[in-house]
Amino acid sequence: MAPKIYIAQDPVLEDVLDIAAEKLLALGWTVVRGPEITPGVPLRLSADQRQALIEDVDIIVASSRSRLSAKDLDASPRLRALVFPTIGVDAVDLEACAARGLIVANGATPENFLAMSEATVMLMLVLLYRLHESERILRENASRPQQMYARMLRGRTIGLIGSGRIGAGVIERLQAFDPGQILVNDPFLTPQSAPDGVRLVDRDELLAASDVISLHVPLNPQTRSMIAEAELRAMKTNAILINTSRGGLIDEAALVRVMGEGHLAGAGLDVTETEPLPEDHPLRNLDRVILTPHILGHTVDLYTVMPDVLVENATRIMKGDLPKYVRNPDVVERWRQKLGDLS
């Protein structure tokens, strides 16, 4: 029997998923595509869609534009894995996957996480140097300022909340700029496992001491609105806040309110709670905020490798081999037992 795979739609990753589907079809797979997605509304399959699309699939491919329920995971007795083209696997509950012995593969390629690392450092520099203000002076033929406003990255205190692959890449790239210190708040790091050149601190110290704060954590019930009004007011008046991780980590209403009062020198947001960001959202009216549509790390390099990695992960899984990138390695033994039961 030919392997059968369900591939969700995603308007952001349309070309990636289409190319991967074509490659799998050429390998003799049966490919089922998901329903169209309304931008800004994560797709949840109805009971009828679940029955029609995934009740007999071997693999489900999804992205952050989908949401997979326990009923979805139980729909196919043949289901052995979930594959994500991206690093993030927010669409599914990893504990639910573990309970079912389902391996979760993702696209944690260097082109993926290092592009975001580079982009994060770029935002730090653009905001510290107030690049857009300098550009505006030239475009409007305005007078040169009497007092300079740019600040060097050198000597600044940089704070990272969370430090996975992207955060580690940011730390590595920051070293060349000779920052004053790099503070990290991450419950999964110890002094022995922390990258060289960083100091582990609690969140309160990080918020109070940092000139630049960058978020590198997944979105879950524990991290939602982790930067709310109290946290924003605990930051330095001229601090910079960056989020290239997930929308929802920051209380956006509080950010608008606090920045509207003149607190914080700037913010760089590649992600927002609602994507795309509504045209009337008050964040758009803040001149000290850089907004990009969850695209900052989406390089040509990344989109070139994503379809091949997706296909490689899927084909390895169907051969009974571990995928190239495993998001939940603690499930491997249970997964192997599950494969034995399916054979």
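Residues numbered from 1 in each chain as written. Predicted model: local features only at pLDDT ≥ 70, side-chain atom pairs only at ≥ 80, totals over all residues. Heavy atoms only, no water.

Concerning the sheet that holds strand S10 (residues 198-200)
Within a beta sheet, neighbouring strands are joined by backbone hydrogen bonds and run either parallel or antiparallel to one another. What counts, and what does not: In this scheme, strands are said to pair when DSSP sees at least two bridges between them. In this text, helices come from DSSP runs of H or I with a minimum length of four residues, and strands from runs of E with a minimum of two, each type numbered from the N-terminal end. Axis definition: a line fitted to C-alpha atoms, over the contacting stretch in the case of helices. Angles run 0 to 180 degrees between N-to-C directions.
On the basis of which strands lie adjacent, the open sheet formed by seven strands has the order S10-S9-S8-S11-S12-S13-S14 and parallel pairing. Of all the strands in the sheet, just S10 and strand S14 (289-291) have a single pairing partner and so form its edges. Shown here is a sheet whose adjacent strand axes are inclined to one another by a mean of 15 degrees, direction ignored. As paired elements, strand S9 (residues 181-185) and S10 share three bridges and run parallel to each other. When the sheet's bridge partners are listed, Val-184 is paired in S10 with Leu-200.

Digging into the UniProt feature "domain: D-isomer specific 2-hydroxyacid dehydrogenase NAD-binding" (unreviewed entry) in the chain
Where we set the bar: UniProt positions are given in the numbering used here, feature names are shortened, and annotations may be inferred rather than shown by experiment.
Per the UniProt record, the feature "domain: D-isomer specific 2-hydroxyacid dehydrogenase NAD-binding" (unreviewed entry) sits at residues 121-295. With 29% helix and 16% strand, residues 121-295 has end C-alpha atoms that lie 15 Å from one another.

Topic: the pattern of salt bridges
Which entries qualify depends on this criterion: By definition, a salt bridge exists where a carboxyl oxygen of Asp or Glu is found within 4 Å of a side-chain nitrogen of Lys or Arg.
Taken as a whole and judged by the stated rule, the model has 20 salt bridges. One network of salt bridges, in which partners are shared, links Glu-229, Arg-233, Arg-257 and Glu-261.

Some thoughts on the domain arrangement of the chain
Defined as follows: Domain delimitation follows an automatic or database domain assignment. Here, two residues are considered to be in contact whenever any of their heavy atoms come within 4.5 Å of each other. Defined in terms of a 1.4 Å probe, buried area is the accessible area two parts forfeit on being brought together, summed over both.
Taken domain by domain, the chain comprises domain 1 (4-106 + 300-342) and domain 2 (110-291). Relative placement of domain 1 and domain 2: their C-alpha centres are 32 Å apart. Domain 1 puts 12 residues into the contact, and the matching count from domain 2 is eight residues. Buried area between domain 1 and domain 2, both sides added, is near 880 Å², and the carbon and sulfur share of it is 54%. Inspection of the region where domain 1 meets domain 2 yields one salt bridge.

Things to note about the sheet that holds strand S6 (residues 81-83)
The strand order S2-S1-S4-S6-S7 describes an open sheet built from five strands, whose pairing is parallel. The open sheet terminates on both sides in strands that have one partner only, identified here as strand S2 (30-33) and strand S7 (103-105). Here the average twist between neighbouring strands, direction ignored, is 20 degrees. Here strand S1 (residues 4-7) runs beside S2; their pairing, made up of four bridges, is parallel.

Description of the environment of Lys-338
Its location among the elements puts Lys-338 in helix H12 (residues 332-342). Sequence separation between Lys-338 and Arg-78 is 260 residues, and the spatial gap between their C-alpha atoms is 9.8 Å. Contact partners of Lys-338, with chain neighbours within four places excluded, come to Leu-79, Arg-80, Arg-100, Gly-101 and Leu-102.

Looking at the pairing of strand S8 (residues 157-161)
Quick reminder of the rule: Think of it in three bands: with a 1.4 Å probe and only protein chains considered, a residue is buried below 20% of the maximum accessible area for its type, exposed above 50%, and partly exposed in between. Every crossover in which the path from the first strand over the helix to the second runs clockwise, viewed with the strands pointing away from the viewer, is termed right-handed.
With five of five residues buried, S8 is to be regarded as a mostly interior element. Here S8 shows two buried faces, one formed by Thr-157, Gly-159 and Ile-161 and the other by Ile-158 and Leu-160. Relative to S9, S8 runs parallel, the two being bridged by five bridges. What sits directly across from Leu-160, in S9, is Val-184. A crossover links S8 with its parallel partner S9, the connecting element being helix H7 (residues 165-174), and its sense is right-handed. Both S8 and strand S11 (residues 212-215) contribute to a ladder of four bridges, which runs parallel. Bridging across to S11, Ile-161 finds its partner in Leu-215.

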